[in-house]
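# Descriptive analysis of the structure
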Amino acid sequence: MAEGYSSIPNTPLLKDELDIVIPTIRNLDFLEMWRPFFQPYHLIIVQDGDPSKTIKVPEGFDYELYNRNDINRILGPKASCISFKDSACRCFGYMISKKKYIYTIDDDCFVAKDPSGKQINALEQHIKNLLTPSTPFFFNTLYDPFRDGADFVRGYPFSLREGVTTAVSHGLWLNIPDYDAPTQLVKPHERNTSVLFTRYVDAVLTVPKGTLFPMCGMNLAFNRELIGPAMYFGLMGDGQPIGRYDDMWAGWCTKVICDHLGLGVKTGLPYIWHSKASNPFANLKKEYNGIFWQEELIPFFQSAVLSKDCTTVQKCYIELSKQVREKLGKIDPYFNKLADAMVTWIEAWDELNPSGAAAEKPNGPAK
């Protein structure tokens, strides 16, 4: 059997190599339920909204908290690339972190239970996903061959069984699904319940090369050293014509760059319990432009090609920003502004992380 999860050390895994990033506008009482799993780790809390408001964090957690005043002080004029009054502000935490890995979670997400009733350690599962290879070049019908009890099926090329390094682990949700506003409106009572587990799927899949996916930022982990500069959540919220596409934008950019650099993206386990359904009418107002624009955005990313000179995430991202300006700027002036912000984001990232500014992936881009 392929080297499985059982070979990974017992928890807490990566205790000194991972930061948990949480965007919030409220007291973080939800951390009490996560205490058994999160307390060994360092938290980066990004406070959105009114910086004069005091955010209370339960005792016993190791954390640092940044509000808008801190962001402005640290980044100066480049703070313009960090969204305000939107959870997209979380990406500041990715930038300020010095750890190899990031796990980010929303403050309305709680510990879920598997079909046996056992609490799910979402962070542990994400780490296992990240520490085992992805298989983006050929689909394995037993899903992740690196899980215990699975392997590569007959007919899977031996030359591809080594896999590639996993850069992103995308988790899912029980209870409230991550739906857009129109779907919320037509299915107001739909729940992915933990009682019946009608939609609990015990699987981890590699997203194939050349395939995009809708990335949700509420239960997400990634290798910051490998792909961090691509995890920019765009310009959303206050003063912007679009919202609720921050994680989608980051996911599309990240997947294109992962495909180019030969990195893997996994989706599936772990589940968290998403407790709060946001207002579909408020969501529709935020998503309205995006619902139309995505029909052009997705073909843009599907056809995006990066040059062989793009051997770092930063170089990839800068080239992608030029294509955004050239090909999406005609849709709406917002995309010219976004292209500028993408460049500013990379400049700010490199200022705060100078040692990684010119680091290249050892093998260069995927052929």
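Everything below is about the structure shown above.
As the structure is a prediction and not an experimental result, all values here were calculated from the model. (Residues numbered from 1 in each chain as written. Predicted model: local features only at pLDDT ≥ 70, side-chain atom pairs only at ≥ 80, totals over all residues. Heavy atoms only, no water.)

## Points about the layout of surface pockets
- A volume near 1,400 Å³ is recorded for the largest pocket.
- For the largest pocket, the lining is made up of 49 residues, of which Ser 87, Asp 106, Arg 244, Ser 278 and Asn 283 are closest to its centre.
- Secondary-structure elements contributing two or more residues to the lining of the largest pocket are strand S1 (18-24), helix H5 (181-186), helix H7 (246-261) and helix H8 (280-303).
- In terms of residue count, H8 provides more of the lining of the largest pocket than any other element does, 7 residues in total.
- The class makeup of the residues in the lining of the largest pocket is 20 nonpolar, 10 polar and 19 charged. (1 Å grid on protein atoms, 1.4 Å probe; cavity = no way out; pocket = protein on both sides within 12 Å on 5 of 7 lines; lining within 4 Å. Points joined across faces, edges and corners; volume = space filled by probe spheres on them. Helix = DSSP H or I, 4+ residues; strand = E, 2+ residues; numbered from the N terminus. Nonpolar A, V, L, I, M, F, W, Y, C, P; charged D, E, K, R; others polar.)

## Digging into the packing of H8 against helix H9 (residues 313-328)
- Remark: H8 packs on H9, axes separated minimally by 11 Å, with the N-to-C direction vectors making an angle of 135°. Looking at the two axes, H8 sits oblique to H9. For the pair H8 and H9, the sense of crossing is right-handed. Contacts between H8 and H9 involve Glu 296, Leu 297, Phe 300 and Phe 301 on the former and, on the latter, Leu 320, Gln 323, Val 324, Lys 327 and Leu 328.
- Of the residues assigned to the contact of H8 with H9, the class counts are 6 nonpolar, 1 polar and 2 charged. (Axes fitted to C-alpha atoms, helices over the stretch in contact; angles between N-to-C directions. Parallel < 35°, antiparallel > 145°, perpendicular 65-115°, else oblique. Left-handed = near helix turned anticlockwise from the far one by under 90°. Contact = heavy atoms within 4.5 Å.)

## So, the pairing of strand S9 (residues 264-274)
- Within S9, 10 of the 11 residues are buried, which leaves it mostly tucked inside the rest of the structure.
- When strand S5 (residues 109-110) meets S9, the two strands line up antiparallel, connected through 2 bridges. Bridge pairing in S9 links Phe 110 to Trp 273.
- Judged from the 9 bridges that link them, strand S6 (residues 166-175) and S9 form a sheet pairing that is parallel. Residue pairing across strands places Leu 174 opposite Trp 273, the latter belonging to S9. (Buried < 20%, exposed > 50% of the residue type's maximum accessible area, 1.4 Å probe, protein only. Pairing = 2+ DSSP bridges.)

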